[in-house]
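Take a look at the letters that make up each chain.
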Amino acid sequence: MQQRRQLDEKQINRELLNGNLETPKWYYPVMGVLGVGVLIGFATILYMFNRGLGVTGLARPVYWGLFITTFVFWVGISHAGIMISAILRLTQAEWRRPVTRAAELLTVFSLLTALFFPLVHAGRPWRIAYWLIPYDWARGIWPNVRSPLFWDPIAIGTYLTGSTLFLFVALIPDLAILRDRTTGIKKTIYSMLALGWRGNPRQWQLQVVAGVLLSALMLPIFVSVHSIVSWDFAVTPAVEGWHSTIFAPYFVIGAVHSGVSAVVTMMCLMRWLWKWNNYIRPEHFDALARLLIIVATAWLAFTFLELIFSLYGRDAPEIALRELQMFTWPWNLIFITFLLTGYIIPVGCWLFKRCRNNIAVMFWTSILVNVGMWLERFLIIVPGLSRKQVFVYTWEGYWPSPVEWIILVWSFAWVSFLMLLFAKFFPLVPLFEAKESQVFTTEMKVGRATVPMVIRE
Amino acid sequence: MSKISILGLYDNPDSAADALDALSEAGFDSNNFDVLTGTPYPEGAFGEHVPQHRLFRFPLFGAIVGLTLSVFLTSTTQIVYPLITGGKPILSIFAMLVIMYEMTMLSAVITTVIGILFESRLPNISMNVYDTRITEGLIGVSLVCTSDKKETAERALNSAGSMEIKSSGR
């Protein structure tokens, strides 16, 4: 709050709409590179559909590999939006204001991308309809509601719909600002999207109530989604390392860790690319890093709890699996990298204020977290399947093929492409929140010090 | 008598609040005038009537609808195709609860958003006069009245220090 500057509405409009009303020089070259990446990715997916799953590294008994790892990873990233937006809204945290839109957007696009992966993983995505939608009226075949694989699309569908609506409702006042700043066809489109918003007290009151009410509704959904994703694994008794009672909270806290880190990455990029230094300030990174230290430590506690529970049972196959994960090449390298990048290096940096206030350090540490979190999902999913078990007569190590690596890289290009596309047409920082902050924040003299003061209704 | 829409523009909240007082004193009904801002101000900042809403009924209604539909979906689809899997009962309550929970929440969220739009009176296709400078910091006091009261309204708006007054016929 100490770094806040008094800004008028014209300046806020001019600065925060700089990417919408003008096109930065870097925009088209970056979009071009990302677009090529997206096209290569889609071409690879089509190639895989044509040739079959044989072009991947998947083989008995490892049927779930990089695609499902990446699916869980993107669902995890999607938890950024509601964690940041809903919890901070409900607790009236003043520093949430520049962060909420980007976080909600990340939720929507990462969920969209996550949904691709089960489809791609199925190899023949058109057959998804056989278990996803109750389409076969003639033969009376219905989806099996007892299967977690059916719970997944229902939970993710609910979360995606809710998050999209949440994003749209909060966007309406900003759409009205864009409507008032554009001409021609753009004005017509923004006018339609703004739904005739005028900004009277009733509309503002409903906007504030909507933020709180939707936050309260979205929070339980947010918790349920990654819990249900975890049950894809946890209700499978046959695979060691998967059948765990603490998977639901473990997955949720891990998702928050990776999601909030992804928001930090995005905020760094927003500050650098659009020069929003007046809005995304070091104090915001400081607050997020403090939050992340708590989240990361809670997540680490769950990581060790999960390990301790499995060892405490003294079940020989379970102990053998842990030996494989931690002490056998190459899993031991992945395990060490995961611990270093997921916790030790970033949290070690965030303990120091100088690091928390350094945008470059925050950028790289937040990326490290997500490298670690991706490796964590890989370590959970693959070793349990690849280990030789009783009555399993074929087994082999799994290594993703180039097709899988390309599709993994495609997912990052795809999310970045969608984010930049959105940023061209809609503001990434909520303007009305920035303006409200100016109205509700003032300065007060205490002795010889001038301190910021936030007014709360 | 034809109706007209009048808009007075102010550069500070105090003048806008004075304009509302002046309109009330001039005999205009508070239901016919409104304050338009580009920023959410605290409730009652302009001395305006604090609007009442019934938004909280919408999620409740949506939750009931969603729960009913989900009970129907999860139970009837299992009964019409009674395939026992893993020795679990056909109506496996825990599994049904997951679907019921998600559908209840989905329906509650959708009806809440419908409620937000309905209670905000959106979409709004009225042709009342508007000024794009409102989203740049000016505060608008908007009024709908019959054309014979135009001069009285303009006088009231001017008395509060209006920067500009715009009007349009309806």
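Calculation criteria
Residues numbered from 1 in each chain as written. Chains lettered and ligands numbered in written order. Predicted model: local features only at pLDDT ≥ 70, side-chain atom pairs only at ≥ 80, totals over all residues. Contact = placed C-beta atoms within 7 Å. Helix = DSSP H or I, 4+ residues; strand = E, 2+ residues; numbered from the N terminus. Nonpolar A, V, L, I, M, F, W, Y, C, P; charged D, E, K, R; others polar. Buried ≥ 20, exposed ≤ 12 C-beta atoms within 10 Å, placed from the backbone. Pairing = 2+ DSSP bridges. Core = buried A, V, L, I, M, F, W, Y, C linked by C-beta atoms within 7 Å. Axes fitted to C-alpha atoms, helices over the stretch in contact; angles between N-to-C directions. Parallel < 35°, antiparallel > 145°, perpendicular 65-115°, else oblique. Left-handed = near helix turned anticlockwise from the far one by under 90°. pLDDT = per-residue confidence, 0-100.

> Break down the interface of chain A and chain B for me, with residues and values.
Residue-level contacts link 50 residues of chain A with 48 residues of chain B. At the level of elements, α1 (9–16), α8 (148–181), α10 (201–234) and α18 (431–440) of chain A are the ones that each hand at least two residues to the side of chain A that touches chain B. Counting residues per element, the side of chain A that touches chain B draws most heavily on α10 of chain A, which supplies 17 residues. Of the residues belonging to the side of chain A that touches chain B, the class tally is 27 nonpolar, 13 polar and 10 charged.

> Talk me through the pairing of strand β3 (residues 139–146) of chain B; I want residue IDs and the actual numbers.
Residues and elements named next belong to chain B. When you tally the buried positions in β3, you get 6 out of 8 residues, the bulk of the element. As defined by bridge partners, strand β1 (residues 3–10) adjoins β3 across 8 bridges and the pair is classed as antiparallel. Bridge pairing in β3 links tyrosine 10 to isoleucine 139. Bridging between strand β2 (residues 33–36) and β3 involves 4 bridges; their strand directions are antiparallel. Its bridge partner being in β3, leucine 36 is matched across the sheet by glycine 140.

> Pulling in residues and values, what's your account of the nonpolar core?
Membership of the largest hydrophobic core comes to 132 residues, with the highest contact counts inside it found for Val75, Ala102, Leu106, Val260 and Val263 of chain A. Per-element accounting of this core gives the leading share, 16 residues, to α8 of chain A. For valine 75 of chain A, the contacting residues outside a window of four places in its chain are Leu111, Ala114, Ile156, Val225, His226, Val229 and Ala255 of chain A. Residues Ala22, Leu23, Val35 and Leu138 of chain B belong to the second largest nonpolar core, which totals 25 residues.

> Before we move on, can you summarise the packing of helix α6 (residues 100–122) of chain A against α8 of chain A with the specific residues and values?
All names here are of chain A. Relative to each other, α6 and α8 sit at 150 degrees, their axes nearing to 9 Å. What the angle tells us is that α6 and α8 run roughly antiparallel. As for the relative orientation of α6 and α8, their crossing is left-handed in sense. Touching Arg101, Glu104, Leu105, Thr107, Val108, Leu111, Leu112, Ala114 and Leu115 of α6 are Ile156, Tyr159, Leu160, Ser163, Thr164, Phe166, Leu167 and Ala170, all from α8. In terms of residue class, the contact of α6 with α8 is made up of 12 nonpolar, 3 polar and 2 charged.

> Go over the packing of helix α1 (residues 13–25) of chain B against helix α4 (residues 150–159) of chain B, please, and point to the residues and values.
Residue and element names in this part refer to chain B. It is at 8 Å that the axes of α1 and α4 come closest, and there the two elements cross at 145 degrees. You can see that α1 and α4 cross each other, and the crossing is right-handed. On α4, the residues that touch Ala19, Ala22 and Leu23 of α1 are Ala153, Ala156, Leu157 and Ser159.

> An account of the environment of isoleucine 64 of chain B is requested, with residue identities and associated values reported.
Inspection of the secondary structure assignment puts isoleucine 64 of chain B in helix α2 (residues 57–80). Separated by 44 residues in the primary sequence, isoleucine 64 of chain B and alanine 108 of chain B have C-alpha atoms spaced 8.2 Å apart.

> Give me the confidence of the model for chain A: which residues, what numbers.
Taken as a whole, chain A shows an average pLDDT of 88; of its residues, 94% reach a score of 70 or greater. When mean pLDDT is compared element by element in chain A, helix α3 (residues 27–51) of chain A scores highest at 96, while helix α7 (residues 129–132) of chain A scores lowest at 62.

> So, the environment of threonine 132 of chain B: which residues are in play, and what are the values?
All names here are of chain B. Residue placement: threonine 132 occurs in the loop between α3 (93–119) and β3. We classify threonine 132 as partly exposed; it has 15 C-beta atoms within 10 Å. Taking the C-alpha atoms as reference points, threonine 132 and glycine 38, separated by 94 residues in sequence, lie 9.6 Å from one another.

> Give a description of unusual backbone geometry that names residues and reports values.
Residue and element names in this part refer to chain A. The omega torsion across arginine 60 and proline 61 is 0 degrees, close enough to zero to call that bond cis. Among the structural elements, proline 61 can be located in the loop between α3 and α4 (66–77). Of note, the bond from tryptophan 329 into proline 330 is cis; its omega dihedral lies within 30 degrees of zero at 0 degrees. Residue position: proline 330 is located in the loop between α13 (316–327) and α14 (331–350).

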